[in-house]
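# Structural features, examined
So you can see what is in the structure, the chains are spelled out below.
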Amino acid sequence: MALRSIRELGDPVLNKKCKEVKEVTERTKELIDDMFETMYEADGVGLAAPQVGILKRICVIDCGDNPILLINPKVMETSGEQTGQEGCLSVPGKCGVVTRPNYVKVLAYNENMEPFEVEGTELLARALMHEIDHLDGHVYTELVEGPLYDVEQAPDEEIGE
């Protein structure tokens, strides 16, 4: 495993749509391991492949319950609404207020290319939407309501990713 460099806002790779994964190779498994290690080292909640410069539909999430790997994730259902602080490893030191669904159901594939569903509310729902946005070439700053804050100056609310 190895730490990968996290691409930051302004890097064109963050605005490109990722390609579907057709098969999981040894290289893909290495990428996944590196993504988890990089996310944990950076104290993140999630990380998408384009954030480490790879245009594949892969993301990893860990909200504290257990790590989740999502290959080719698709949002199947959303409901409700939550508004709160959101941050991103690709926008270091900043956060902003974003409204997202409060419930999300996602269909994805695991490391063996077996389909599974994941359902989440609150922080997990936010993280799922945030990471899937990355796979479609979008960064949370496009959704921020009002100004971006320095993390130290943000109101005391949960900050995702």
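Throughout what follows, the structure given in this document is the object of discussion.

Quick notes on the rules
- Residues numbered from 1 in each chain as written.
- Predicted model: local features only at pLDDT ≥ 70, side-chain atom pairs only at ≥ 80, totals over all residues.
- Heavy atoms only, no water.
- Helix = DSSP H or I, 4+ residues; strand = E, 2+ residues; numbered from the N terminus.
- Buried < 20%, exposed > 50% of the residue type's maximum accessible area, 1.4 Å probe, protein only.
- Contact = heavy atoms within 4.5 Å.
- Phe/Tyr/Trp six-rings, centres within 6.5 Å; stacked < 30°, edge-to-face > 60°.
- Polar contact = N/O pair within 3.5 Å; in protein donor to acceptor, adjacent residues only side chain to side chain.

### Some details on the environment of Ala-42
Relative to the assigned elements, Ala-42 resides in the loop between helix H1 (26-41) and strand E1 (46-48). Residue class for Ala-42 comes out partly exposed when judged on its relative accessible area of 33%. Once you skip the residues sitting within four places of it in the chain, Ala-42 turns out to touch Ile-6 and Leu-89.

### Some points on the packing of aromatic side chains
Enumeration according to the criterion identifies 1 aromatic pair in this entry. Here the aromatic rings of Phe-36 and Tyr-40 are separated by 6.1 Å at their centres, their planes lie at 25°, and the arrangement is stacked. Of the two residues, Phe-36 and Tyr-40 are both situated in helix H1; the distance of 4 residues between them amounts to about one turn of the helix. Judged by its relative accessible area of 38%, Tyr-40 is partly exposed.

### Let's talk about the side chain of Thr-38
Within the element layout of this structure, Thr-38 appears in helix H1. For Thr-38, the residues in contact, after removing those within four places along its chain, are Ala-2, Leu-3, Arg-4, Ile-6, Leu-47 and Val-52.

### Points about the environment of Thr-25
Along the polypeptide, Thr-25 turns up in the segment before H1. Here the alpha-carbon distance between Thr-25 and Leu-135, two residues 110 residues apart in the chain, equals 19 Å. Within the local environment of Thr-25, its side chain forms a polar contact with the side chain of Thr-28, the two groups lying 3.0 Å apart.

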